[in-house]
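Take a look at the letters that make up each chain.
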Amino acid sequence: MDFQVHIRTDGNRFDCLVYHRRNSDWVKGPIFEEATLTHEDKAQEFADRVIEWAKDAEAKSAGIVLHFAEDFATAELRPNLDLDRNLVAIREEIDRDPKACIADNSASIEENSWRILRYPGLESGATAIGVSRRWSPFLETMRKAGAERNFPVVTQTLSSPLVALLSLADFKKDGLSKPLVAILPYARFTVMGFLNREGNLLLLRSIQHRGQRGPGNLRQVISATAASLELIDPEIHLIPTDPASEQRAVEELGMVPQFGSREQEMPGVFRHAGVISVSGPSLPLEFRVATTLEIAPGTPLGGSRTFTTFRDDGWVTQDFLSSSAEASEVYPTRAEMRLLRTTKIFRTILFLGASFSLIYFGKDIVKMVGQPEWSYKEQEGLNLKQRQMMLGMEKNRIEFWDNLLDDRSRAWSAMELLPRLVKDPKEIAIRSFGYTAAPSNLSGQAKLGLVKEWKISGLTRPQELEKLTRENVTAIFNEIAARSEE
């Protein structure tokens, strides 16, 4: 989330900082006191302040991350649990019914919230980690405040020692040649992590301070545990988690109280400086690790199975004080939120595609509707049909009279032969005139011709007969034939 409120509690003090993820900026957060935790009205005021702050930062949601360092308990799991096959079911079962998974009868089942932690360095190795439920009402108030104001408020409770353990990969710069022991001192307890030469975690163990400034037998516990795990001459790394408790651990280990020095009275013990932001407030180590979850590339522990598994599979970022199953069903999960965002993007793409298609095809539709055919009316069709009928009738009438007059026209052309033969009608006396036209009977021809015959009988002067030469008669016949075909 872009707006995160990180709260760290170790039982003696509270650290509250606000992290703006967009620009990776840390600022001091709202004032947090013991009354904020124990009084509901104070908790409600704190929730309102966080929501208003998030809205001022233009964030769409707020995250409250609790780094819990008030207590740290470990317990053995029942040997009949098959973690390799039923890991998911067992993780759900230990949250719902810890008694069914924890073998240690002395463990505080009701007062603590338990989670499973795998040991990647051991085959089927795991342990149960428990933290107090004291903060559950406060976190529930935060979530309810967000629901009442319709502003998502997501909470997550981290175990500070588990998160701080990841920083060992940044502090360990030289090569792996010996087993490692990581010491994480806190105000009320000290956690020890034992790693083999490959940098894989074999065991987590805690020592309760029980009112003292630090563990009174730290060296003896380290020696005994390392011997039981067959870790010979391990390197001891003191992780800077709490200044006061760290000083007590320094005295127990016989170290020279000087940062960055390897001239200690106890060989193989290394003390590392804490991390402080340059431009902002003092930044607890767990805050930096939880917001980045990055390991510097090329470091010896960066590629170990333990640190890659813890970082990538989320073992060290488990939520120890999550909401109840009934409340969780009300709020969408991270996967559901991603699905909603994907659906929103798909819906936007679909809308844009539909709009583009509508514009593209709309232009053709408008052009089509503008054509005259779309304004066609039924009455116009009836009028056109009636007009077509009238034109057909007129055509039939014209063709009828053309057929009647065609032969008559040809007859008149044939009658014109007489005046063409004799130009003076007084010089000729006609007894009879005959005209016939018959198809030629020549076979094997592609075209069929007509044979026309004129028979004229009568009297005329000898001078007129001399004019009827073959050439003159042929010319007259050709002219008559041409006029007959017109």
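Everything that follows concerns the structure shown earlier in this document.
Quick caveat: nothing in here was measured; it's all calculated off a predicted structure.

> Explain the overall build of the chain to me, please; I cannot follow it from the model alone.
Along the chain, the regular secondary structure elements total 16 helices and 15 strands. Sequence-distant contacts in the chain: of pairs separated by 6 or more residues, those separated by 24 or more amount to 63%. Accessible area for the chain stands at about 29,800 Å²; split by element, carbon and sulfur atoms hold 53% of it.

> In this structure, what is going on with the pattern of salt bridges? I would like to understand it.
Side-chain pairing between opposite charges can occur once the charged atoms of the two side chains come close. In the structure shown here, the tally under the stated rule is 20 salt bridges. For Asp 15, the salt bridge is made with Arg 13, and the minimal N-O distance between the two is 2.5 Å. Since its relative accessible area comes to 45%, Arg 13 is described here as partly exposed. Among the charged side chains, a network of salt bridges with common partners joins Arg 8, Asp 10, Arg 13, Asp 15 and Glu 286.

> Explanation requested: the sheet that holds strand S6 (residues 112-119) in the structure shown.
Backbone-to-backbone hydrogen bonds pair the strands of a sheet. The strands run either parallel or antiparallel. Strand order in the open sheet made by the three strands is S5-S7-S6, with antiparallel pairing throughout. The open sheet has two edge strands with one neighbour each: strand S5 (73-75) and S6. Between one strand axis and the next, the sheet turns by 30 degrees as a mean value, whatever way the strands run. With three bridges connecting them, S5 and strand S7 (residues 125-132) associate as antiparallel partners. Looking across to S7, one finds that Thr 74 is bridged to Ile 129. On the sheet, helix H3 (residues 83-96) packs against S6 and S7 and is oriented at approximately 165 degrees with respect to S6.

> What should I look at first to understand the pairing of strand S9 (residues 180-185) in this one?
Regular strands have side chains that alternate between both faces of the sheet. Within S9, six of the six residues are buried, which leaves it mostly tucked inside the rest of the structure. Of the two faces of S9, both are covered, the one formed by Leu 180, Ala 182 and Leu 184 as well as the one formed by Val 181, Ile 183 and Pro 185. Two strands pair when backbone bridges link them, and S9 and strand S10 (residues 189-195) are joined in this way by six bridges, in the antiparallel orientation. Looking at the pairing, Val 181 lines up with Phe 194 of S10. Counted along the chain from S9 to the antiparallel partner S10, the turn is three residues long. By the bridge criterion, four bridges tie S9 to strand S12 (residues 235-238) in an arrangement that is parallel. From the neighbouring strand, Ile 183 faces S12, where its bridge partner is Leu 238.

> Explanation requested: the nonpolar core in the structure shown.
Note on soluble globular proteins: their nonpolar side chains tend to be buried together. Counting 74 residues, the largest nonpolar core has Phe 3, Val 5, Ile 7, Phe 46, Trp 135, Phe 138 and Leu 204 as its most contacted members. Among all residues touching Trp 135, those that are not within four sequence positions of it are Ile 7, Thr 9, Phe 14, Phe 32, Leu 37, Leu 66, Phe 68, Glu 70 and Leu 321.

> Can you help me understand the side chain of Thr 306 in this one?
In this structure, Thr 306 sits in helix H10 (residues 305-312). The class of Thr 306 is buried, set by a relative accessible area of 1%. Excluding anything up to four places from it in sequence, Thr 306 contacts Pro 120, Gly 121, Gly 199, Asn 200 and Leu 201.

> Quick question: what am I supposed to make of unusual backbone geometry here?
Negative phi characterises most residues that are not glycine, and trans characterises most peptide bonds. Unlike most non-glycine residues, Glu 230 shows phi in positive territory, near 60 degrees. By secondary structure assignment, the location of Glu 230 is in the loop between helix H7 (218-228) and S12. Given the relative accessible area of 69%, Glu 230 is considered exposed. The phi dihedral of Asp 233 is positive, around 50 degrees, even though this residue is not glycine. Here Asp 233 lies in the loop between H7 and S12.

> Please explain the sheet that holds strand S2 (residues 14-20) as it appears in this structure.
Sheet architecture is open: five strands sit in the order S3-S2-S1-S4-S8, paired in mixed fashion. Among the strands making up the open sheet, the edge pair consists of strand S3 (25-28) and strand S8 (153-159). Ignoring strand direction, the axes of neighbouring strands in this sheet form an average angle of 25 degrees. Here six bridges tie strand S1 (residues 3-9) to strand S4 (residues 62-68), and the two strands are oriented parallel to one another. Residue pairing for S4: Arg 8 is matched across the bridge by His 67. On top of the sheet, helix H2 (residues 40-56) reaches S1, S2, S3, S4 and S8; it is set at about 145 degrees to S1, its chief contact.

> Hey, could you run me through the packing of aromatic side chains in this one?
For any pair of aromatic rings, the description consists of the separation of the ring centres together with the inter-plane angle of the planes. In total, this model carries 14 aromatic pairs according to the counting rule given. Residues Phe 32 and Trp 135 carry aromatic rings whose centres are separated by 5.4 Å and whose planes lie at 10 degrees to one another, so their mutual orientation is stacked. On the criterion of sequence distance, the pair formed by Phe 32 in the loop between S3 and helix H1 (34-38) and Trp 135 in the loop between S7 and helix H4 (136-148) is long-range, its members being 103 residues apart. When the centroid spacing of 6.3 Å and the interplanar angle of 20 degrees are considered together, the rings of Phe 356 and Tyr 360 count as stacked. Placement of both Phe 356 and Tyr 360 in helix H12 (residues 334-369) is noted, with a separation of four residues, approximately one turn of the helix. Among the residues examined, Phe 356 registers a relative accessible area of 58% and is labelled exposed. For Tyr 360, a relative accessible area of 48% gives the class partly exposed. Taken together, Phe 14, Phe 32, Phe 46, Trp 135 and Phe 138 form an aromatic cluster joined through their ring pairs. Here the guanidinium or amino end of Arg 91 rests over the ring plane of Trp 315, the centre of that ring lying 4.4 Å away.

What counts, and at which threshold
- Residues numbered from 1 in each chain as written.
- Predicted model: local features only at pLDDT ≥ 70, side-chain atom pairs only at ≥ 80, totals over all residues.
- Heavy atoms only, no water.
- Helix = DSSP H or I, 4+ residues; strand = E, 2+ residues; numbered from the N terminus.
- Contact = heavy atoms within 4.5 Å.
- Areas by Shrake-Rupley, 256 points an atom, 1.4 Å probe, with all protein chains shown as cover.
- Salt bridge = Lys/Arg side-chain N within 4 Å of Asp/Glu carboxyl O.
- Buried < 20%, exposed > 50% of the residue type's maximum accessible area, 1.4 Å probe, protein only.
- Pairing = 2+ DSSP bridges.
- Axes fitted to C-alpha atoms, helices over the stretch in contact; angles between N-to-C directions.
- Core = buried A, V, L, I, M, F, W, Y, C linked by side-chain atoms within 4.5 Å.
- Phe/Tyr/Trp six-rings, centres within 6.5 Å; stacked < 30°, edge-to-face > 60°.
- Lys NZ or Arg CZ within 6 Å of the ring centre and 35° of its normal.

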